[in-house]
Amino acid sequence: MTVVGHSFGGRLALELTATGVVERSVLLDPAVWLPPPLALDRAERAVDELAFASLEDALANRTTVATLAPRELIEDELRAHLVEGADGLMRFRCSRAAVVSGLGELAQAPPDWDRLRVPTLLVYGAESDVVPEVVVDVLEAELGDLLVTARVAGAHYVLWDAYAETSDAVAAFLLR
């Protein structure tokens, strides 16, 4: 099978690839590894509740991390994933404890590179703080000719910030 993963899903794609059931892997700005101090910082921030008085407040927050994304796309995502609490505030439908746990997993070493040797597409944002150039360098060194890279405009949310470039790269990779 071919597996596609974004962010933490990219790390999960690597873990699944290491089991030997994946023929090709598509990594969309994947969280391959986080240095433990950075993971701790993000985990401590994830513990703080993120609540919004209105959809407009949530939109203002989200557009700081997806600066090139069309407003309508972010609005649709927020409508699908925010729920109103008894106190009238809107929160994302997720477990902060699970986020903290996931960040702890990302501070661990990635799977054994010898078990990840399948054709792999890496799509990463030019301004991403999740996939710095050093991660690209490591993937290139470990996967060699098996790796195809596509650096697209924007930050971590490559499907929002650079939908056409990202989808074109994925389509070309899958048609190879």
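This write-up is about the structure you can find in this document. Because the structure is a prediction, the values reported are computed rather than measured.

## A short note on the overall build of the protein
Reasoning step 1: The secondary structure content of the protein amounts to eight helices and seven strands.
Reasoning step 2: Whereas a compact globule of 176 residues would reach a radius of gyration of roughly 16 Å, the protein reaches 17 Å, a difference of no more than 12%.
Reasoning step 3: Taken along its principal axes, the extent of the C-alpha atoms in the protein is 50 × 35 × 30 Å.
Reasoning step 4: Residues counted as buried form 40% of the 176 residues belonging to the protein.

## Focus: the side chain of Arg 62
Reasoning step 1: With respect to the helices and strands, the residue Arg 62 is situated in helix 3 (residues 55-62).
Reasoning step 2: Engagement of the side chain of Arg 62 in a polar contact is seen with the side chain of Tyr 157, the distance being 2.9 Å.

## Section: the side chain of Ser 128
Reasoning step 1: You can see Ser 128 is positioned in the loop between strand 6 (120-125) and helix 6 (133-143).
Reasoning step 2: The exposure class of Ser 128 is buried, given its relative accessible area of 11%.
Reasoning step 3: A distance of 3.0 Å separates a polar side-chain atom of Ser 128 from the backbone nitrogen of Val 130.
Reasoning step 4: When sequence neighbours within four positions are dropped, the list of residues in contact with Ser 128 reads Asp 29, Gly 154, Ala 155 and His 156.

## A few points about the pattern of salt bridges
Reasoning step 1: Counted according to the given criterion, the structure contains 14 salt bridges.
Reasoning step 2: The partner of Glu 49 in a salt bridge is Arg 96, with the nearest N and O atoms 3.9 Å apart. With Glu 49 in the loop between helix 2 (36-47) and strand 3 (51-52) and Arg 96 in helix 5 (residues 96-106), this pair connects stretches of sequence that are 47 residues apart.
Reasoning step 3: Using a relative accessible area of 38% as the deciding quantity, one classes Arg 96 as partly exposed.
Reasoning step 4: Residue Glu 142 is joined to Arg 117 by a salt bridge in which the shortest nitrogen-to-oxygen separation is 3.9 Å. Taken together, the residues Glu 142 in helix 6 and Arg 117 in the loop between helix 5 and strand 6 connect sequence positions 25 residues apart.
Reasoning step 5: One continuous salt-bridge network, built from bridges that share partners, spans Glu 56, Arg 71, Glu 75, Asp 76 and Arg 79.

## What about the sheet that holds strand 5 (residues 90-92)?
By definition, the strands of a sheet pair up through backbone hydrogen bonds, in either a parallel or an antiparallel sense.
Reasoning step 1: In space, the three strands of this open sheet follow the order 3-5-4, with antiparallel pairing throughout. Pairing within the sheet leaves two strands with one partner each, and these edge strands are strand 3 and strand 4 (82-84).
Reasoning step 2: Bridge analysis of strand 4 against strand 5 gives three bridges, and the strand direction is antiparallel. Each bridged residue has a counterpart across the sheet, and for Val 83 the counterpart in strand 5 is Arg 91.
Reasoning step 3: Docked against the sheet, helix 4 (residues 71-81) engages strand 4 and strand 5, running at close to 50° with respect to strand 4.

About the thresholds
Residues numbered from 1 in each chain as written. Predicted model: local features only at pLDDT ≥ 70, side-chain atom pairs only at ≥ 80, totals over all residues. Heavy atoms only, no water. Helix = DSSP H or I, 4+ residues; strand = E, 2+ residues; numbered from the N terminus. Rg over C-alpha atoms; globule rule 2.2 N^0.38 Å. Buried < 20%, exposed > 50% of the residue type's maximum accessible area, 1.4 Å probe, protein only. Polar contact = N/O pair within 3.5 Å; in protein donor to acceptor, adjacent residues only side chain to side chain. Contact = heavy atoms within 4.5 Å. Salt bridge = Lys/Arg side-chain N within 4 Å of Asp/Glu carboxyl O. Pairing = 2+ DSSP bridges. Axes fitted to C-alpha atoms, helices over the stretch in contact; angles between N-to-C directions.

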